[in-house]
Amino acid sequence: PGADKLARHGLALFARSNSLETADGAACLTTYAGLSESKGLPEEAQQLLESALAVRERLFGPNHFLVADTLIRLGAIHSRQGHLVESEQMQTRAIGILRPQGPQPELAAALNNLGNVMQAQGRSKEAEAHIREAITLWEKIRGPEDPSIAAPLLNLGILLQGRKQYDEAGRLIDRALKLDEKS
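Being a predicted model, the structure only gives us computed values, none of them experimental. (Residues numbered from 1 in each chain as written. Predicted model: local features only at pLDDT ≥ 70, side-chain atom pairs only at ≥ 80, totals over all residues. Heavy atoms only, no water.)

Visitor: Looking at this structure, how should I read the environment of phenylalanine 14?
Guide: One can find phenylalanine 14 in helix 1 (residues 2-16). Given the relative accessible area of 21%, phenylalanine 14 is considered partly exposed. Dropping the residues within four chain positions of it, phenylalanine 14 is found in contact with Ser19, Leu20, Thr22, Asp24, Gly25 and Cys28. (Helix = DSSP H or I, 4+ residues; strand = E, 2+ residues; numbered from the N terminus. Buried < 20%, exposed > 50% of the residue type's maximum accessible area, 1.4 Å probe, protein only. Contact = heavy atoms within 4.5 Å.)

This is the structure we're talking about:
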């Protein structure tokens, strides 16, 4: 409750001083969106992120890292709401912004998210390629023993299990569980 109250107060201050259209105002919108989603209010979170996205695009242009970060978050909310087409569009656009900037965790996250969306759409071959690329990036950036790699390993393991590729699926799921135990 304290973080929620603080974020609402921050938004009110930014609004009163006509500062929501600033980088700090967009950051406050993004923070409050995360809190809204954690409270089970995905529609509110979506609206807040859409506002933050519009501000960041106006301030920084359409190809800025913070625009991509907001797209990743917005795409994840769309995915959790079952809006897979919108999620795919957001993640694809984020990847387009981030890929020229070189390997980074946000690019890996967007690739993993896109793979999950494609898997939910029944496009397992495309999903597999994106999730494998995400794992490769995370391993390159953080090392093969980083616990954050557990989630995409599990995603890929489940995908392969669904395609009856049990040996590789088992190895990936085992590795994911071992990494998760480290965290």
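Once you've had a look at it, read on.
Visitor: Explain the pattern of salt bridges here, please?
Guide: Proximity of charged atoms lets side chains of opposite charge pair with each other. Within this structure, the stated rule accounts for twelve salt bridges. As a salt-bridge pair, glutamate 57 and arginine 93 come within 2.5 Å of each other at their nearest N and O atoms. Separated by 36 residues along the polypeptide, glutamate 57 in helix 3 (residues 42-60) and arginine 93 in helix 5 (residues 84-98) bring together distant segments of the chain. Ionic pairing is found between arginine 132 and glutamate 168, a salt bridge with its closest N-O pair at 2.7 Å. In this pair, arginine 132 is assigned in helix 7 (residues 124-142) and glutamate 168 in helix 9 (residues 166-182), connecting sequence segments 36 residues apart. (Salt bridge = Lys/Arg side-chain N within 4 Å of Asp/Glu carboxyl O.)

Visitor: Is there a simple way to explain helix 2 (residues 23-38) in this structure?
Guide: In an α-helix there are 3.6 residues to a turn, and that puts residues three or four apart on one side. With 16 residues, helix 2 should cover 22 Å at 1.5 Å per step; its first-to-last C-alpha distance of 23 Å lies within 8% of that length. Burial in helix 2 covers these residues: Gly25, Ala26, Cys28, Leu29, Thr30, Tyr32, Ala33 and Ser36. Of the surrounding elements, those touching the buried residues of helix 2 are helix 1, helix 3 and helix 4 (65-80). (Expected span 1.5 Å × (residues − 1).)

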